[in-house]
Amino acid sequence: MRRRLHPSNWARFLFGPASRGDYSAPVVHRHDDFEQASETDLAGFEVETDSQGHHYAVRREDLPKEQV
């Protein structure tokens, strides 16, 4: 009798079990060039909240001088 495997079982059969790291170890966060560029871009925005509680981003250069 031929046994039918679930697709996840086929993946486990072909590639082996998923490697799982140490769950108690802290996450290592590496700052690469892409992340530095993203942080630089996001630094140019200010988060505003309207009267209904909606949040949106506004470029700092578009804000009046007294809000910057």
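Before reading on, note that the structure itself is shown above.
Since we're looking at a predicted model, the values are computed, not measured.

K.L.:
What's the story with the environment of Val47 in this structure? I'm lost.
P.N.:
Mapped onto the elements of the fold, Val47 is located in strand S1 (residues 45-49). The exposure class of Val47 is exposed, given its relative accessible area of 61%. Remark: the alpha-carbon pair of Val47 and Ala11, spanning 36 residues in sequence, is separated by 44 Å.

K.L.:
What am I meant to see in the packing of aromatic side chains here?
P.N.:
The way to describe two aromatic rings as a pair is by their centre distance and the angle between their planes. Summed over all chains, the structure comprises one aromatic pair. Ring centres of Trp10 and Phe13 lie 5.8 Å apart, and the angle between their planes is 85 degrees; on these two criteria the pair is classed as edge-to-face. Note that Trp10 and Phe13 are positioned in helix H1 (residues 7-15) at a spacing of three residues, about one turn of the helix. We classify Trp10 as partly exposed; its relative accessible area is 40%. Judged by relative accessible area, Phe13 falls into the exposed class, the value being 60%.

K.L.:
Just to check I follow, could you spell out the pairing of strand S2 (residues 55-59) for this structure?
P.N.:
Each regular strand shows side chains that alternate between the opposite faces of the sheet. The sheet contact formed by S1 and S2 spans five bridges and is antiparallel. Of the residues in S2, the one forming a bridge with Phe45 is Arg59. Taken together, S1 and the strand that follows it, S2, pair antiparallel across an intervening segment of five residues, in which Gly53 is found at a positive phi of about 90 degrees.

K.L.:
For this particular structure, what's the right way to read the pattern of salt bridges?
P.N.:
Side-chain pairs of opposite charge can arise where the charged atoms are in close proximity. For the coordinates displayed, the defined rule picks out one salt bridge. As a salt-bridge pair, Arg60 and Glu46 come within 3.2 Å of each other at their nearest N and O atoms. Of the two residues, Arg60 is situated in the segment after S2 and Glu46 in strand S1; the sequence distance between them amounts to 14 residues.

Reading the values: the criteria
- Residues numbered from 1 in each chain as written.
- Predicted model: local features only at pLDDT ≥ 70, side-chain atom pairs only at ≥ 80, totals over all residues.
- Heavy atoms only, no water.
- Helix = DSSP H or I, 4+ residues; strand = E, 2+ residues; numbered from the N terminus.
- Buried < 20%, exposed > 50% of the residue type's maximum accessible area, 1.4 Å probe, protein only.
- Phe/Tyr/Trp six-rings, centres within 6.5 Å; stacked < 30°, edge-to-face > 60°.
- Pairing = 2+ DSSP bridges.
- Salt bridge = Lys/Arg side-chain N within 4 Å of Asp/Glu carboxyl O.

Fair warning: the whole summary comes from geometry, so function is off the table for now.
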